[in-house]
2 protein chains.
Amino acid sequence: MKDSKVGTYSFVAEPFHVDFTGKLCMGVLGNHLLNCAGFHATERGFGMAEINEDNYTWVLSRLAVEMEDMPAQYDEFSVDTWVENVYRLFTDRNFAIYGKDGRSYGYARSVWAMINMDTRKPADLLTLHGGNIVDYIETEKPCPIEKPGRIKVGSCMPMRSVEMHYTDIDINGHVNSIKYIEHIMNLFPLDWYAGHVVRRFEMAYVAESYYGDTLSFFREEKEDGSFDIEVRRNVGGENPEGEVVCRSKLKFDNK
Amino acid sequence: MKDSKVGTYSFVAEPFHVDFTGKLCMGVLGNHLLNCAGFHATERGFGMAEINEDNYTWVLSRLAVEMEDMPAQYDEFSVDTWVENVYRLFTDRNFAIYGKDGRSYGYARSVWAMINMDTRKPADLLTLHGGNIVDYIETEKPCPIEKPGRIKVGSCMPMRSVEMHYTDIDINGHVNSIKYIEHIMNLFPLDWYAGHVVRRFEMAYVAESYYGDTLSFFREEKEDGSFDIEVRRNVGGENPEGEVVCRSKLKFDNK
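Residues numbered from 1 in each chain as written. Chains lettered and ligands numbered in written order. Predicted model: local features only at pLDDT ≥ 70, side-chain atom pairs only at ≥ 80, totals over all residues. Heavy atoms only, no water.

## Regarding the packing of aromatic side chains
And then number 1: Under the defined criterion, the tally for this structure stands at 28 aromatic pairs over all chains.
And then number 2: Ring geometry for Y193 of chain A and F252 of chain A: centres 6.1 Å apart, planes at 70 degrees, overall edge-to-face. With Y193 of chain A in helix α4 (residues 190–195) and F252 of chain A in strand β10 (residues 243–254), this residue pair connects regions lying 59 residues apart in the sequence.
And then number 3: Put simply, the rings of F20, F188, W192, Y193, F227 and F252 of chain A together with Y166 of chain B pair up and form one aromatic cluster.
And then number 4: For R232 of chain A, the ring lying beneath its charged end belongs to F218 of chain A, and the centroid distance is 4.6 Å.
And then number 5: Of note, K141 of chain B hangs over the ring of W82 of chain B, and the distance from its end group to the ring centre comes to 5.0 Å. (Phe/Tyr/Trp six-rings, centres within 6.5 Å; stacked < 30°, edge-to-face > 60°. Helix = DSSP H or I, 4+ residues; strand = E, 2+ residues; numbered from the N terminus. Lys NZ or Arg CZ within 6 Å of the ring centre and 35° of its normal.)

Below, the structure written as structure tokens:
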């Protein structure tokens, strides 16, 4: 029997959600993880809808996904999610992704803040609902991957610039957190994915971007072979540096 | 009790699957419909996996979706699907989309062929599995929308050209049928969607396109206010006309 502090949700890798190698797309996995976070929080009384009533909203700050393998087309898989820690301004939520037979696909870590929707100022999580969010902290369950780390891009020449269109925009009028993942995955050619798998994928969400923004993608290959990526909005003109929107780090393994 | 010729599948409109107005994205709905087609066919012995064993595959030729309304974020909705007709070379599959309370959101029609995976030639559906596909024809259930119609684009100046990247490509190495829908939806600005809803959306899939292809989108507004769209791959150079990949028609209503 699982502890009720852990939520478990099941999925199947749908045909239009796998890439040309037949494995689940990283953006689709990210969407499932964020949905699981929402289900788990809602079931425990601190979901988006509940905290919106008090004029607060959850903001995803960091996401790190580390996969030994990805589910293949039609594979059933499950996601466990739980709260590892609650601090005053941030909470750590972890995920385990595993197959029907119990095999582990991988793990993920996320960091969230709660902000006031008017002032955009962070709220004190330890006082949320009389402090009862800490009742859901699960410290026993392992998440054997590193915490999100530092991402630093020195490159000053964008690899690509992409204008944000209708389907990039979410219900808040911001570029959808999942769409950033897809645009970042597209910085690598198909041939690269034929020979490499993503072992670890990190996102650091820094600021919002909007419809009509042009996002510029700066990429730097690090000494350890990983790639650090910085996404900036509206580079050039009066603001030559633009504004940093998010950063990402990808570590690949040879197939 | 529903007739077993009709399959019913349930969904919820997920947060990252709705647009800035909070309504389900057309591409996401299209994905759900095609998944339902797969579930229904698989449960009756003529799904992709089964016919692949005999070296055949289903090819989607036409899709027409007509919606009175779209599910909003977190709304539960269901899709009924059934086979309306089987001809020698094509089969008509219909869909009804409705809410938890039984309210109708809309309907869809699709047309499919089955081809031999080596010769790419169409197969005779009436002889599939000893002809038993016809046992699943459901003629009583209504689908009160028009069949897919003719789409004709006169424009010779593309509105936009887009290169196909990694996340556009499906397990067969082709541009994903759903991604065409998203690229087509992106031909209209956010302001347009603020004032208009898609009443009817049609796709005619003509030929495949591939990684690295540049797709050019030609759009023509018709006398009745609908928009016909033609998508061509690799226009220019030795082949100034390019090759038609798909066509689409959108009818909008004012909000």
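Next comes the rest of the account.
## Observations regarding empty space enclosed by the protein
And then number 1: The final tally for this structure, using the stated rule, is one cavity of 30 Å³ or more.
And then number 2: The space that makes up the largest cavity amounts to roughly 480 Å³.
And then number 3: Looking at the lining of the largest cavity, its residues break down into 15 nonpolar, 10 polar and four charged. (1 Å grid on protein atoms, 1.4 Å probe; cavity = no way out; pocket = protein on both sides within 12 Å on 5 of 7 lines; lining within 4 Å. Points joined across faces, edges and corners; volume = space filled by probe spheres on them. Nonpolar A, V, L, I, M, F, W, Y, C, P; charged D, E, K, R; others polar.)

## What to know about the relation of the copies chain B and chain A
And then number 1: Superposition record for chain B on chain A: RMSD 0.0 Å, screw rotation 180 degrees, translation along axis 0.0 Å. Overall, the copies show the geometry of a two-fold rotation axis. Proximity to the rotation axis, assessed at the C-alpha, singles out V162 of chain B in chain B; its C-alpha lies 5.1 Å from the axis.
And then number 2: Mapped onto chain A, 100% of the interface residues of chain B are again interface residues, and the two copies thus contact each other with one and the same surface. (Least-squares fit on C-alpha atoms with pLDDT ≥ 70 in both. Contact = heavy atoms within 4.5 Å.)

## Digging into the interface of chain B and chain A
And then number 1: Taken together, the contact between chain B and chain A spans 33 residues of the former and 33 residues of the latter.
And then number 2: With both chains or domains summed, chain B and chain A bury close to 3200 Å², and 59% of this area falls on carbon and sulfur atoms.
And then number 3: The largest contributions to the chain B side of the interface with chain A come from F16, Y166 and I171 of chain B, which together make up 26% of the buried area.
And then number 4: For the pair chain B and chain A, the interface holds two salt bridges.
And then number 5: The partner of E182 of chain B in a salt bridge is K179 of chain A, and the shortest N-O contact between them spans 3.3 Å.
And then number 6: Counting only elements with at least two residues in the side of chain B that touches chain A, the list comes to α1 (26–43), α3 (177–185) and α4 (190–195) of chain B.
And then number 7: Per element, the largest residue contribution to the side of chain B that touches chain A is five residues, and it comes from α3 of chain B.
And then number 8: Grouping the amino acids of the side of chain B that touches chain A by side-chain chemistry returns 17 nonpolar, 10 polar and six charged. (Buried area = accessible area lost by both parts, 1.4 Å probe. Salt bridge = Lys/Arg side-chain N within 4 Å of Asp/Glu carboxyl O.)

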